[in-house]
Amino acid sequence: MSTPSPAAHIAVLSDVRALAWVLSEGRMAFNVRQKRALASLDLGSPLFLYVTSRCFRGLPFGGKSGLIAEVGVTSPVIRLDKPIAFAGNSFGMGCSVEIRQLLPPSQMVNLGPLVPELDAFHGAWHLRLRAGFVPLNEHDYQVLDKRISREVTSLQGAVDAYMALAEQREERQLPVTRP
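Caption draft 1: Layout of the pattern of salt bridges. A complete count under the given rule lists three salt bridges for this structure. Across the pair Arg17 and Glu170 runs a salt bridge whose closest N-O atoms are separated by 3.5 Å. Of this pair, Arg17 sits in helix α1 (residues 16-25) while Glu170 sits in helix α5 (residues 155-172), placing them 153 residues apart in sequence. Three or more residues are tied together by salt bridges with common partners; here these are Asp15, Arg17 and Glu170.

Caption draft 2: Expanded view of the nonpolar core. Counting residues in each nonpolar core, the largest one holds 39 residues, and the members touching the most others are Leu19, Met28, Phe30, Leu47, Leu49, Phe56 and Ile68. Tallying contributions element by element places α1 first for this core, with seven residues. Among residues more than four places away in sequence, those in contact with Leu49 are Ala11, Leu13, Leu19, Val22, Met28, Gly66, Leu67, Ile68, Ala69 and Val71. Counting residues in hydrophobic clusters, the runner-up holds 22 residues, among them Ala8, Ile10, Trp125 and Leu129.

Caption draft 3: Inspection of the environment of Ser149 at higher detail. Here Ser149 shows up in helix α4 (residues 138-149). Among the residues examined, Ser149 registers a relative accessible area of 35% and is labelled partly exposed. On a C-alpha basis, the gap between Ser149 and Ala69 in space is 9.5 Å, while along the polypeptide they are 80 residues apart. Among the polar contacts listed, one links the side chain of Ser149 to the side chain of Gln101, at a separation of 2.9 Å.

Caption draft 4: The arrangement of the environment of Met163 in detail. Mapped onto the secondary structure, Met163 falls in helix α5. Each C-alpha atom of the pair Met163 and Leu23 lies 8.4 Å from the other, and the pair is 140 residues apart in sequence. Met163 has contacts with Ala20, Leu23 and Ser24, leaving out every residue within four places of it along the chain.

Caption draft 5: Representation of unusual backbone geometry within the structure. Phi angles above zero are rare outside glycine, and Phe61 is one such case at about 75°. Along the chain, the position of Phe61 falls in the loop between β3 (46-51) and β4 (66-73). The partly exposed category is assigned to Phe61, whose relative accessible area is 29%.

Caption draft 6: Expanded view of α1. For α1, a buried count of eight out of ten residues is recorded, marking the element as mostly surrounded by other parts of the structure. Of all the residues in α1, the buried ones are Val16, Arg17, Ala18, Leu19, Ala20, Trp21, Val22 and Leu23. Two to three positions downstream of the cap, the backbone nitrogen of Arg17 sits 2.7 Å from a side-chain oxygen, assigning the N-cap of α1 to Asp15.

Caption draft 7: Representation of the environment of Leu136. Looking at the element boundaries, Leu136 is found in strand β7 (residues 133-136). As for Leu136 and Val77, which are separated by 59 residues in sequence, their C-alpha atoms are 18 Å apart. Setting aside residues no more than four positions away along its own chain, Leu136 makes contact with Ala8, His9, Ile10, Phe48, Ala120, Tyr141 and Leu144.

Parameters at a glance
- Residues numbered from 1 in each chain as written.
- Predicted model: local features only at pLDDT ≥ 70, side-chain atom pairs only at ≥ 80, totals over all residues.
- Heavy atoms only, no water.
- Salt bridge = Lys/Arg side-chain N within 4 Å of Asp/Glu carboxyl O.
- Helix = DSSP H or I, 4+ residues; strand = E, 2+ residues; numbered from the N terminus.
- Core = buried A, V, L, I, M, F, W, Y, C linked by side-chain atoms within 4.5 Å.
- Buried < 20%, exposed > 50% of the residue type's maximum accessible area, 1.4 Å probe, protein only.
- Contact = heavy atoms within 4.5 Å.
- Polar contact = N/O pair within 3.5 Å; in protein donor to acceptor, adjacent residues only side chain to side chain.

Have a look at this one:
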């Protein structure tokens, strides 16, 4: 009997500073309200990072949304001693992650055309993403992994591009966006 693969999910990010934190710290933070859903994350669980159109508001790539990365969970999800805050929201649960694949902003994968192939989305798929954390079955994982793998380029180049966008947000002191 084979061991089932760890559960895959989509994690939604709406602020470039939060994305920069994930990439620089190798950690993910989640809202405590997601505690029940987070219980399905195990060591090795893949997370696809999806950025909303708000993530880059007022910056290059503003208004675009899509899948940008696959990361793997490398520690148990725990309650944080001190919650992390981004865009006026508090995130009290967290875990460590490793970047497996990262696309530069110019190559983010538009999720819309893939929705008909995915079991996780029915009807108003944008509303499903508002939960911030969407579970995927093995079929959906394979579809997204295959699609993101086609675009992968230099990991460091992609990290640098997102860090530059986060720095631009700070330099311009652009207003904080809310999910």
